[in-house]
Amino acid sequence: DIDIISLHPKIYFGLGNCDIGQVLDAGNMVPSWIHSGGAYLVTGYVIPEGSSSYQHGATKAYFCLQDHYSWATAFMLGNCSFVFDLANNTPGVGSPPDLNGSGLYGDPAIDARIPEGAGYVYDTILYTKELIINEGVERDTITFKITMNKDGKPGYTSKWGYRSPIYLFPFRIDPDSIEIIDTNADTAVIMDNFVLLYIWHQGQADLPIGTERWVTFTAKQITGIKEIEIDQSYANRITLFENEPNPLTTNTTIRFFMNKKSKVTLKIYNSSGRLVKTLIDGKMNAGYNEIEWDGRNANNEKLISGVYFCRLTSGSVNRTRKLVLMR
């Protein structure tokens, strides 16, 4: 039970370890990293990894190499690309020998993504994407286009290289209504929630900067989808970090994170479960918060050495940490 929780929520990306995504019991890597390691999302292979690490590489491609999708979305799009390449022998060397599976654990709604702007490794992404929609009476005419921002290979290049461009629609379309009108891609795949352009294969020269590839199609958007009610245990996510210092002799700092402004209580209990002091009882802002505790009770009396517990509560969500007081 390692305890390396930090103030920066993490994604654990298991590399170099086959089967790291297998969950056979509570002692495996996935629950350990989520429970004790501060990881909000964990990605790892669930069976022995192949030589190409296709799925891991595809997640990286759509996460930060050629796109800025969230980690969970990049994982999903990477699998869409994987299925396409397997079905069509498109990498140029036959189907990827990496026929294994990678699992994603955690809350896929967490918007974990690489920030855009100067100073980041992949600041200039490979291409710019554009979606143009002309509304019609029965069907809409939709064009998806990419424009190369630099010379490059927008397709499967290597384990950690690029993949085919994919655009995730902000809506869903009726798959039976799709009709391709025009494209200059080798192959265009249009599904109910994404479009993929196969526009480069191994052995082909780089597509020059400014090159455009597109597909135009007609389709009917699906409307009237019932909004899903979000589980409040996810919507009201809170994290209580270990106090510093711990053990404490005089003062200690207690830090916690909330993803939205809400009413919270932060209370100190002794080892018998008796409340000794309430540190917070009210609304706190979203983000990181902290408060000092001086090892005293509600009557401002010094507490004796021993084990105490700090409990953070927001709605139905509770988080508890052990504090050791040494006089």
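Numbering of residues begins from 1 in every chain and follows the order in which that chain's sequence is written. Under the rules for a predicted model, residues below a pLDDT of 70 receive no local features and side-chain atom pairs below 80 are neither given nor counted, while totals for whole chains, interfaces and linings still include all residues. Note that the side-chain values use all heavy atoms of the structure and ignore hydrogens as well as water.

Student: Looking at this structure, how should I read the side chain of Thr252?
Tutor: Helix and strand labels come from DSSP, where a helix needs a run of H or I of at least four residues and a strand needs a run of E of at least two; each type is numbered from the N terminus. Tracing the backbone shows Thr252 in strand E12 (residues 252–258). Polar contacts here mean pairs of N or O atoms no more than 3.5 Å apart (in protein, one a potential hydrogen donor and the other a potential acceptor; neighbouring residues in sequence count only if both atoms are side-chain atoms). Within the structure, the side chain of Thr252 is placed 3.2 Å from the backbone oxygen of Glu244, a separation counted as a polar contact. Aside from chain neighbours lying at most four places away, what touches Thr252 is Asn243, Glu244, Pro245, Ile291, Glu292, Trp293 and Leu323. Any pair of residues with heavy atoms lying within 4.5 Å of one another is described as a contacting pair.

Student: Teacher, can you tell me more about the pattern of salt bridges here?
Tutor: A pair can form between side chains of opposite charge whenever their charged atoms are brought close. The salt bridge definition used is simple: a Lys or Arg side-chain nitrogen within 4 Å of an Asp or Glu carboxyl oxygen. By the definition in use, this model includes 10 salt bridges. Across the salt bridge formed by Lys145 and Glu130, the nearest N and O atoms sit 3.6 Å from each other. Of this pair, Lys145 sits in strand E5 (residues 140–148) while Glu130 sits in strand E4 (residues 127–134), and the two are 15 residues apart along the sequence. Think of it in three bands: with a 1.4 Å probe and only protein chains considered, a residue is buried below 20% of the maximum accessible area for its type, exposed above 50%, and partly exposed in between. For Glu130, a relative accessible area of 36% gives the class partly exposed. Residue Lys263 pairs with Asp281 through a salt bridge whose shortest N-O separation is 2.8 Å. Taken as a pair, Lys263 in strand E13 (residues 262–270) and Asp281 in strand E14 (residues 275–284) lie far apart in primary sequence, 18 residues in all.

Student: Any chance you could explain the sheet that holds strand E10 (residues 212–219) here in plain terms?
Tutor: Sheet strands associate in pairs through backbone hydrogen bonding, adopting either a parallel or an antiparallel arrangement. Strands sit in the order E4-E5-E10-E7 across an open sheet of 4 strands; the sheet is antiparallel. In the strand order of this sheet, the two ends are held by E4 and strand E7 (179–183), each with one partner. Direction aside, the axes of adjacent strands within the sheet are offset by 15 degrees on average. DSSP calls a pair of strands paired once it identifies at least 2 bridges connecting them. Strand direction decides the pairing type here: E7 and E10, joined by 4 bridges, are antiparallel. Residue Glu179 lies in a different strand from E10, and its bridge partner there is Thr218. To define axes, lines are fitted to C-alpha atoms, for helices over the stretch in contact only, and angles between the resulting N-to-C directions are given on a 0 to 180 degree scale.

Student: Which parts of the structure should I look at to understand the pairing of E4?
Tutor: Every other side chain in a regular strand lies on the same face of the sheet, so the side chains alternate between the two faces. Sheet analysis places E4 next to E5, joined by 8 bridges and oriented antiparallel. Its bridge partner being in E5, Asn134 is matched across the sheet by Thr141.

Student: Please clarify how the pairing of E12 should be interpreted in this entry.
Tutor: In terms of burial, E12 is a largely internal element, 7 of the 7 residues being buried. By the alternation rule, side chains of E12 split into Thr252, Ile254, Phe256 and Met258 and Thr253, Arg255 and Phe257, which are all buried. Here strand E11 (residues 238–240) runs beside E12; their pairing, made up of 3 bridges, is antiparallel. The residue bridging Ile238 from the neighbouring strand is Met258, located in E12. Judged from the 7 bridges that link them, E12 and strand E15 (residues 287–293) form a sheet pairing that is antiparallel. Each bridged residue has a counterpart across the sheet, and for Arg255 the counterpart in E15 is Glu290.

Student: Got a minute to help me understand the nonpolar core in this structure?
Tutor: Note on soluble globular proteins: their nonpolar side chains tend to be buried together. If you look at the biggest cluster of nonpolar residues, it comprises 41 residues, and the most contacted ones within it are Phe169, Val215 and Phe217. Of all the secondary structure elements, the ones that give two or more residues to this core are strand E2 (39–45), helix H2 (54–65), helix H3 (71–88), E5, strand E6 (166–168), strand E8 (187–190), strand E9 (194–198) and E10. Split by domain, this core shows at least three residues from each of two domains, domain 1 (10–106) and domain 2 (127–219). Not counting residues up to four positions away in its chain, the partners in contact with Val215 are Ile142, Thr143, Phe144, Ile180, Asp182, Thr183, Ala188, Ile190, Val195 and Leu197. Throughout, nonpolar core names a set of buried Ala, Val, Leu, Ile, Met, Phe, Trp, Tyr and Cys residues whose side chains join them through atoms within 4.5 Å. These domain limits were set by an automatic method or by a database of domain assignments.

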